[in-house]
Structures are given as structure tokens and as C-alpha cells.
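# Secondary and tertiary structure notes
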Amino acid sequence: MNIISFDSLPSTNKYCELLDLNRCEEFTVISAKAQTAGIGQRGNVWESHPNENLTFSLILKPTFLPISHQFQLTKSISIGIANWLRSIVPNQYKIHIKWPNDIYVDNRKICGTLISTKVNSSGISAAIAGIGLNVNQTHFSDWIPNPVSLKQLTDSTFNLDNALRELNTHIISQYQHLLDDIHTPDQDYLNRLLNLGERKQYIFHNQPIHATIQDVNQFGHLVLKTDDGQQITCQMKEIQYVI
Ligand code: BTN
């Protein structure tokens with residue numbers, strides 16, 4: 001693992017997008033103590049106080065993964081993060097993956113991930129896995145829904161350099177299991193999936209519905225059964241959780 005650390009960047013993902021990834025070693029980590037324009041899912045901004053959290057991008061080369069199975073990468077990264085958190089967060093708290101790749105402690109979000117894959121004529125050539133994890137921050141803006149940090153959960157302050165190295169070790173270890181069998185993360189992902197098998201409320205195409213998550217299919221789409229027995233399969237922009 002090769003960690004390159006910046007005091008400040010607009011966004012570690014943006015920085016990596018501008019690199020020639022062919023000339024970058026796999027497992028290079030671009031980390032920033034502060035981001036001035038951090039990017040979140042669904043076009044949101046990712047807010048993180050300077051010097052308090054982890055904001056980084058890990059460069060991967062999952063050339064062995066067929067494009068049709070690229071969601072396996074999301075699964076293995078999410079499991080790596082969840083496993084590292086499990087080794088730190090007291091057992092009274094549950095650690096879940098909220099589909100597709102947010103990490104929740106009970107019903108509060110501790111980590112978000114933004115993965116982009118690069119494709120050439122032979123398939124996937126590289127991936128940029130951008131990760132924001134709340135570590136020592138204890139005050140969050142009101143607009144951020146249900147945030148939580150490691151410090152709030154443990155009352156301890158964490159050394160960010162150690163945390164960065166340990167977290168990436170866990171992620172890379174899960175990623176390397178994919179090389180043996182790309183289906184290795186399937187069961188662990190479902191075991192950690194928030195709301196699996198539980199009837200809950202969602203907003204689907206702007207309408208409130210009650211439904212039960214049944215599965216996540218090979219394309220990474222969420223599969224739910226509604227109260228009237230209908231099966232729906234949806235992508236991220238189609239559904240919102242009510243938490
Ligand atoms: C989400 O909205 O849940 C995804 C958040 C991803 C944030 C991380 S922080 C490091 C990397 N650089 C970015 O600009 N975004 C990702």
C-alpha cells in the first residue's frame with residue numbers, strides 16, 4: 001500500500017480522475033486531511049471537518065472482474081469497511097451496509113463510498129474507491145441526515161494515520177478474496193444488509209410504499225417485495241429509505 005497524503009484537495013476522487021491510472025500502482029491511496037469540494041452520492045456534497053476524519057481514494061485494478069459483475073467490488077469494499085468498524089465499535093451497536101454501500105451504525109451513517117470504474121476494450125482497467133469515514137468529528141451540519149463518528153461511539157480520539165492504514169488493510173484483504181472467487185462476498189454482504197427480510201417504509205418513485213428487501217441482484221439492483229406481493233427491482237435514484 002502506497003499512501004500519498006495531502007493537506008488539502010478539492011476532492012480525492014477528482015484528483016484520481018485526473019491521474020493516468022495506467023501509471024499508478026494498484027493500492028495507491030490518495031488521502032486529504034481536508035477536502036474543499038468533497039463529492040457524495042446523488043450529486044450531494046460530502047462534508048467533513050478538516051483534520052478530523054478520513055477522506056481518501058483507493059486505486060484498484062480489478063481487471064479480473066467481468067463488467068457484468070462489477071458490483072462485487074462494491075460488496076468487498078463495504079465488507080472490508082464494516083469488518084474494520086466491527087473491530088472497534090462496541091458490540092452493543094449493530095453495523096450494517098445500507099444498500100448499495102453506505103455503512104450504518106444502528107440507524108446512523110458513519111461512512112459513505114463513491115466508486116467509479118474505468119473500462120477499456122478488454123474490460124475493467126481500474127477503479128477509484130472514494131471513502132469518507134467520520135472519525136473524530138462530533139458536530140455535524142443540520143442538513144446531514146443521522147451522522148455519527150467513531151469518537152461519538154467510543155469516547156476515544158483516533159490517530160488518523162493509523163486508522164487510514166488499518167482500514168485500507170481490511171479493504172484490500174477483502175478485495176484480494178475476490179481474486180480466488182468473485183462470489184466470496186455474496187453471503188457476508190447479505191448478512192450485513194440493512195433491512196434485509198424486514199418490512200419497512202420506502203419512497204419509491206416519490207410514493208410511500210411498504211416493502212421487504214429480498215436480495216441484491218448481480219447488477220447491484222435492489223430487489224424488494226411490496227405488500228401486494230409484487231416484486232420490484234430498482235436502482236439508487238428510484239428509491240429512498242425512510243430512516
Ligand atoms: C456518499 O454520499 O455517501 C459518498 C461519500 C463519498 C465521500 C468520499 S470522501 C473521499 C472521496 N472524495 C470525494 O470527493 N468523495 C469521496
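The model shown is predicted, which means the values in this text are computed figures rather than measured ones.

### Looking at the overall build of the chain
The helix and strand inventory of the chain stands at five helices and 12 strands. Projected onto its principal axes, the C-alpha coordinates of the chain cover approximately 50 × 45 × 30 Å. In the chain, which comprises 243 residues, the proportion classed as buried is 49%. Of the contacts made within the chain by residues no fewer than 6 positions apart, 63% connect residues no fewer than 24 positions apart.

### A few points about the packing of aromatic side chains
In total, this model carries five aromatic pairs according to the counting rule given. Ring geometry for phenylalanine 71 and tyrosine 189: centres 5.7 Å apart, planes at 90°, overall edge-to-face. Taken together, the residues span a long stretch of sequence, with phenylalanine 71 in helix 2 (residues 71-86) and tyrosine 189 in helix 5 (residues 186-192) at a distance of 118 residues. Residue phenylalanine 71 shares its accessibility class with tyrosine 189, and that shared class is buried. Measuring from centroid to centroid gives 5.1 Å for tyrosine 202 and tyrosine 241, while their planes differ by 85°, and the two rings are edge-to-face. Within this pair, whereas tyrosine 202 is found in strand 8 (residues 199-204), its partner tyrosine 241 is found in strand 12 (residues 239-241), the two being separated by 39 residues in sequence. The residues tyrosine 202 and tyrosine 241 share a single accessibility class, namely buried. Of note, lysine 98 hangs over the ring of tyrosine 241, and the distance from its end group to the ring centre comes to 4.6 Å.

Scoring rules and cut-offs
- Residues numbered from 1 in each chain as written.
- Predicted model: local features only at pLDDT ≥ 70, side-chain atom pairs only at ≥ 80, totals over all residues.
- Heavy atoms only, no water.
- Helix = DSSP H or I, 4+ residues; strand = E, 2+ residues; numbered from the N terminus.
- Buried < 20%, exposed > 50% of the residue type's maximum accessible area, 1.4 Å probe, protein only.
- Contact = heavy atoms within 4.5 Å.
- Phe/Tyr/Trp six-rings, centres within 6.5 Å; stacked < 30°, edge-to-face > 60°.
- Lys NZ or Arg CZ within 6 Å of the ring centre and 35° of its normal.

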